[in-house]
Amino acid sequence: MPLAAPARPQPPRVAKIRQPFSLCRCIAISLLTLIIIVGITVLIIWLVLRPRKMVYSIENSSIHDYNLTDNNHLNANFKFTLRAYNPNKRVSIYYDNIEVKLFFNSQPIAFNNIVTPFYQPCRNVTHLNDVSLPANDVALYGDIARDFKTQRTGGAVEVEVKIRAKIRFKVGAWKSGHRKLKILCTPKVNFSNSRKNSKSFPCDVDI
């Protein structure tokens, strides 16, 4: 009777070593998940609120008590109305601090930091009437004095009105922190005490 062939030895099994879960990989996945959640949340809020930029303009601009001395020192009271339009359906605005400066050819002429703070509801138009910017004995130099006199001869001067404000947004019961609002307007201001410039001058807005 033939003998059975000896069984071949089986190769030793190599145990698979599982790599430990990397801490850096865990943190990266967590951060990616958080970014996605925040992005989706911001997108939902934007789709619900559909925020729109506020619209501002200068109206009824005029100059009162004007006097330019022989040595080019200016005394005058610049007045205008600021029209503020909030087109948003669900976002209202708190104007907590407002500063207004007036420039001619980039030279500061007048300043007012006592404009009354106010609250603006949704889809609202608010007029800040008779905003006053007094110029008291302001020296005009060289070309600036010459340009001012030239425009004075034409009955109106073009000035720059720069407005800086601290504002807060309100949505329902939630209020944001303070944000800086910058407004730039370039109205033409009439010299006649009896005649205001009724034209509306749109302003540039930066938030």
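Residues numbered from 1 in each chain as written. Predicted model: local features only at pLDDT ≥ 70, side-chain atom pairs only at ≥ 80, totals over all residues. Heavy atoms only, no water.

Under the annotation held in an unreviewed UniProt entry, the protein carries the name Late embryogenesis abundant protein LEA-2 subgroup domain-containing protein and is attributed to Anisodus tanguticus. If you open the UniProt record of the protein and go to Subcellular location (unreviewed entry), you find "Membrane". (UniProt positions renumbered as here; feature names shortened; annotations may be inferred.)

With that settled, the discussion passes to the state of the cysteines. One pass over the full model with this rule turns up one disulfide. Note on cysteine connectivity: Cys-185 is disulfide-linked to Cys-203, with sulfurs 2.0 Å apart. One disulfide, between Cys-185 and Cys-203, carries an S-S torsion of 105 degrees and so falls in the right-handed class. Separated by 18 residues along the polypeptide, Cys-185 in strand β10 (residues 179–185) and Cys-203 in strand β12 (residues 201–206) bring together distant segments of the chain. Grouping residues by exposure puts Cys-185 and Cys-203 together as buried. No disulfide involves Cys-26; its sulfur sits 9.9 Å from that of Cys-24, the nearest cysteine. Residue Cys-26 is classed as partly exposed on the basis of its relative accessible area, which comes to 33%. (Disulfide = S-S within 2.5 Å. Helix = DSSP H or I, 4+ residues; strand = E, 2+ residues; numbered from the N terminus. Buried < 20%, exposed > 50% of the residue type's maximum accessible area, 1.4 Å probe, protein only.)

Attention now moves to helix α2 (residues 142–153). With twelve residues, α2 should cover 16 Å at 1.5 Å per step; its first-to-last C-alpha distance of 17 Å lies within 8% of that length. Taken as a whole, α2 has its buried residues at Ile-144, Ala-145 and Phe-148. Projected down its long axis, α2 carries its buried residues within an arc of 100 degrees, all on one side. Exposed side of α2, more than 90 degrees from the buried face: Gly-142, Thr-150 and Thr-153 are the residues found there. Contacts made by the buried residues of α2 are with β1 (55–68), β2 (73–86), β3 (92–104), β4 (107–112) and β7 (156–158). Within two residues after α2, Gly-155 carries a phi angle of roughly 95 degrees, on the positive side. (Expected span 1.5 Å × (residues − 1). Arc of directions from axis to C-beta. Contact = heavy atoms within 4.5 Å.)

Below, the discussion takes up a positive patch on the surface. A cluster of basic residues, Lys-101, Arg-164, Lys-166, Lys-180 and Lys-182, forms a positive patch at the surface. Counting residues per element, the ones that place at least two in the positive patch are β8 (160–171) and β10. Note on placement: Lys-166 falls in strand β8. Residue classification places Lys-166 among the partly exposed residues on the basis of a relative accessible area of 44%. (Patch = residues over 30% accessible without salt bridge, like charges linked within 9 Å, V, L, I, M, F, W, Y side chains within 5 Å. Areas by Shrake-Rupley, 256 points an atom, 1.4 Å probe, with all protein chains shown as cover. Salt bridge = Lys/Arg side-chain N within 4 Å of Asp/Glu carboxyl O. Lys, Arg positive; Asp, Glu negative; His and termini not counted. Charge placed at Lys NZ, Arg CZ, Asp CG, Glu CD.)

Scanning all chains against the criterion turns up six aromatic pairs. Ring geometry for Tyr-66 versus Phe-191: centroids 4.9 Å apart, planes at 80 degrees, classification edge-to-face. Of this pair, Tyr-66 sits in strand β1 while Phe-191 is found in the loop between β11 (188–190) and β12, placing the two residues 125 residues apart along the sequence. The exposure class of Tyr-66 is partly exposed, given its relative accessible area of 25%. Taking 6.1 Å as the distance between ring centres and 85 degrees as the angle between the ring planes, the aromatic pair formed by Phe-148 and Phe-191 counts as edge-to-face. Pair noted here: Phe-148 is in helix α2 and Phe-191 is in the loop between β11 and β12, with a separation of 43 residues, a long-range link. One exposure class covers both Phe-148 and Phe-191, and it is buried. A connected cluster of aromatic rings, assembled from ring pairs, spans Tyr-66, Phe-104, Phe-148 and Phe-191. Positioned above the aromatic ring of Phe-103, the side-chain terminus of Lys-162 is 4.6 Å from the ring centre. (Phe/Tyr/Trp six-rings, centres within 6.5 Å; stacked < 30°, edge-to-face > 60°. Lys NZ or Arg CZ within 6 Å of the ring centre and 35° of its normal.)

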